[in-house]
Amino acid sequence: MIKMNLQFSDGLKNMKPSEIRELLKYASKKDFISFSGGMPNPLTFPMDEIRQIIDEVMRDYGSLALQYGNTGGLNELREEISKMVLETEGIKTTMEGTIVTSGSQQGLYELAKVMLNPGDTVITEEPTYVGAISAFDANKAEMHSIKIDDEGMDTHAAEEEIKRLISAGRKPKFIYLIPTFQNPTGITMSLERRKHITEISSRYSIPIVEDNPYGELRYSGQKIPSLKSLDHEDSVIYMGTFSKVMCPGFRLGYTIAPVDYVNRANLLKQALDLSSSTFSQYVAWLYLKKGIMKTMIPKAVSLYRKKRDAMFKALEESFPEGSKWSRPDGGMFIWATLDRRINTSDLLKESVEAGVAYVSGNSFSPSRSQGSSMRLNFTFAEEKKIFEGMERLGNLVEKKLSILESP
Ligand SMILES: Cc1ncc(COP(=O)(O)O)c(C=O)c1O
């Protein structure tokens with residue numbers, strides 16, 4: 001048979017395969033410990049409640065739930081989402097300003113497609129969420145990433161970069177932020193910086209995109225107002241998800257945005273998947289309406305708090321001097337930075353061979369400047385495994401350092 005040569009588009013040229021996926025073939029070992037995924041712990045899945053809801057959906061709404069649905073999402077669910085975000089994040093919205101997406105990952109892809117022309121600039125945090133990098137890359141955006149510290153994005157540096165881009169005729173299309181328990185660092189942006197970035201957004205007329213999958217998973221410290229609740233100009237596009245506070249398997253997220261954005265995103269969604277799963281939406285609607293979300297979150301919080309504290313302790317015990325790590329008040333990740341002579345991408349293969357995985361820093365870095373850092377997920381592994389895995393990793397880093405230091 002003569003094989004046809006497929007002529008692919010240029011669209012995916014910039015995209016790189018995930019390095020951890022490539023290495024997962026080593027991960028079949030029995031005692032392999034992974035700190036790499038962003039997966040919720042299945043112990044938090046309310047199995048019985050969901051089973052009962054599924055029965056109810058089939059009994060009372062079966063002919064609707066198995067049918068095609070509205071592109072923008074099930075009206076009843078959109079109403080429950082509006083009530084929920086008012087209560088949890090002080091966000092005032094309506095059903096018309098809320099769209100359901102197939103995970104917030106689809107929301108990010110829609111964002112890129114709705115807002116960006118090839119070569120457009122966007123401002124992101126440095127480091128930032130790898131899935132956002134993929135969505136922006138797939139739409140050929142140019143990312144200008146701004147360093148974050150313990151208080152989140154350095155907003156003064158962001159303003160300088162924005163001024164520079166504007167004077168070069170390349171005004172950014174939006175500022176993408178994960179201000180609460182950021183992925184990958186776990187860092188939360190301070191209120192002062194939140195106010196400052198809102199002022200900058202208003203001064204230069206650049207919308208903010210607030211991606212908030214982890215906001216409800218707080219283990220310590222005080223809640224800080226969302227950017228969307230500080231927004232008086234309808235200039236914040238807000239994204240949320242059911243993945244971390246219900247389960248990711250239903251693939252449901254939502255975007256709250258100005259109505260003209262919503263209209264365009266819905267046009268695009270007709271080309272993507274017509275609508276998110278009607279069945280999943282009925283389940284999520286009843287899950288919210290019956291208040292199950294509210295009872296489930298505190299359980300997840302108390303499980304994850306213990307795991308976070310275990311990882312803090314394991315880092316103290318096992319990581320060599322000269323290593324640093326973030327101290328997140330919530331979310332799913334700790335960001336560790338090693339001696340700068342160690343490259344975490346190079347170390348990953350050895351680490352996987354030693355039976356432990358993380359995601360290396362540069363996967364999250366539009367500027368490829370996070371070579372000595374790694375993202376560690378603490379929500380998935382059992383506590384005992386957290387200590388074991390961190391010991392393996394610590395030993396490996398010690399070994400590397402002693403080789404580097406030997407004359
Ligand atoms: C910051 C951020 N945004 C979006 C997503 C996508 O989540 P989902 O598509 O499951 O809603 C994730 C998932 O890890 C994330 O961390």
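The structure presented is a predicted model; accordingly, all values stated were derived computationally and were not measured.

Visitor: Before we go on, may I ask you to explain the overall build of the protein chain in this structure?
Guide: Scanning the protein chain from N- to C-terminus turns up 12 helices and 14 strands. Here the C-alpha radius of gyration of the protein chain, 22 Å, is about what a compact globule of 407 residues would show, namely 22 Å. Based on the C-alpha atoms only, the size of the protein chain along its principal axes is roughly 70 × 65 × 55 Å. Expressed as a percentage of contacts within the protein chain between residues at least 6 apart in sequence, the contacts between residues at least 24 apart total 76%. Here the protein chain has roughly 19,000 Å² of accessible surface; of this, 52% comes from carbon and sulfur atoms.

Visitor: Explanation requested: the pairing of strand β9 (residues 253-256) in the structure shown.
Guide: The side chains of a regular strand alternate between the sheet's two faces. On β9, burial covers both faces: Gly253 and Thr255 on one face and Tyr254 and Ile256 on the other are all buried. Relative to β9, strand β2 (residues 98-101) runs antiparallel, the two being bridged by four bridges. Residue pairing for β9: Thr101 is matched across the bridge by Gly253. Pairing of strand β8 (residues 236-241) with β9, which is carried by four bridges, proceeds in the antiparallel orientation. Along β9, the bridge assignment pairs Met239 with Thr255.

Visitor: Could you clarify how one ought to interpret the packing of helix α3 (residues 75-89) against helix α9 (residues 278-289) in this entry?
Guide: Think of two packed helices as two axes; the pair is described by the angle between the axes and how far apart they sit. For the pair α3 and α9, the least separation of the axes is 9 Å and the interaxial angle reads 40°. By the angle between their directions, the pair α3 and α9 is classed as oblique. By crossing handedness, the relation of α3 to α9 is classed as left-handed. In this structure, α3 uses Glu76, Leu77, Glu80, Ile81 and Met84 to contact α9, whose residues at the interface are Gln281, Ala284, Trp285, Leu288 and Lys289.

Visitor: Where do I start with the environment of Gly215 in this structure?
Guide: You can see Gly215 is positioned in the loop between β7 (208-211) and β8. The class for Gly215 is buried, based on a relative accessible area of 9%. On a C-alpha basis, the gap between Gly215 and Glu382 in space is 23 Å, while along the polypeptide they are 167 residues apart. Once residues lying within four places of it in the same chain are set aside, the contact partners of Gly215 are Glu89, Thr180, Phe181 and Lys223.

Visitor: What exactly am I supposed to notice about the nonpolar core here?
Guide: Looking at soluble globular proteins, one finds that nonpolar side chains tend to be buried together. If you look at the biggest cluster of nonpolar residues, it comprises 70 residues, and the most contacted ones within it are Phe242 and Leu376. Two domains share this core, each providing at least three of its residues, namely domain 1 (19-38 + 294-405) and domain 2 (62-290). Setting aside residues up to four positions removed in sequence, Leu376 forms contacts with Phe35, Met311, Leu315, Met332, Phe333, Ile334, Ala336, Tyr358, Met390 and Leu393. In this structure, Leu116, Phe136, Ala141 and Phe174 belong to the second largest nonpolar core, which totals 23 residues.

Visitor: How do you make sense of the side chain of Ser323 when you look at a structure like this?
Guide: Within the fold, Ser323 resides in the loop between α10 (292-318) and β10 (324-325). In terms of polar contacts, Ser323 uses its side chain to reach the backbone carbonyl oxygen of Pro320, at 2.6 Å. Here Ser323 is in contact with Thr337 and Leu338, once residues within four sequence places are set aside.

Visitor: What is the right way to look at the pattern of salt bridges in this model?
Guide: Side-chain pairs of opposite charge can arise where the charged atoms are in close proximity. Counted by the stated rule, this structure contains 25 salt bridges. Its salt-bridge partner being Arg308, residue Asp309 comes within 3.1 Å of it at the nearest N-O pair. Judged by its relative accessible area of 35%, Asp309 falls in the partly exposed class.

Visitor: Would you explain helix α8 (residues 259-272) in this entry?
Guide: In an α-helix, one full turn covers 3.6 residues, which means residues spaced three or four apart are oriented alike. The first and last C-alpha atoms of α8 sit 20 Å apart over 14 residues, in line with the 20 Å expected at 1.5 Å per residue. All of the buried residues in α8 are Tyr261, Val262, Ala265, Asn266, Leu268 and Lys269. At the exit of α8 stands Leu274, carrying a positive phi of roughly 65°.

Visitor: What am I meant to see in the packing of helix α4 (residues 103-115) against helix α5 (residues 130-138) here?
Guide: One can describe the packing of α4 onto α5 by two numbers: an axis separation of 8 Å at closest approach and a directional angle of 30°. Regarding the angle of α4 to α5, the classification is roughly parallel. Relative to α5, the crossing made by α4 is right-handed. Here Gln105, Leu108, Tyr109, Leu111 and Ala112 of α4 come into contact with α5, specifically with Gly131, Ala132, Ala135, Phe136 and Ala138. Looking at the contact of α4 with α5, its residues break down into eight nonpolar, two polar and no charged.

Analysis parameters
Residues numbered from 1 in each chain as written. Predicted model: local features only at pLDDT ≥ 70, side-chain atom pairs only at ≥ 80, totals over all residues. Heavy atoms only, no water. Helix = DSSP H or I, 4+ residues; strand = E, 2+ residues; numbered from the N terminus. Rg over C-alpha atoms; globule rule 2.2 N^0.38 Å. Contact = heavy atoms within 4.5 Å. Areas by Shrake-Rupley, 256 points an atom, 1.4 Å probe, with all protein chains shown as cover. Buried < 20%, exposed > 50% of the residue type's maximum accessible area, 1.4 Å probe, protein only. Pairing = 2+ DSSP bridges. Axes fitted to C-alpha atoms, helices over the stretch in contact; angles between N-to-C directions. Parallel < 35°, antiparallel > 145°, perpendicular 65-115°, else oblique. Left-handed = near helix turned anticlockwise from the far one by under 90°. Core = buried A, V, L, I, M, F, W, Y, C linked by side-chain atoms within 4.5 Å. Domains from an automatic or database assignment. Polar contact = N/O pair within 3.5 Å; in protein donor to acceptor, adjacent residues only side chain to side chain. Salt bridge = Lys/Arg side-chain N within 4 Å of Asp/Glu carboxyl O. Expected span 1.5 Å × (residues − 1). Nonpolar A, V, L, I, M, F, W, Y, C, P; charged D, E, K, R; others polar.

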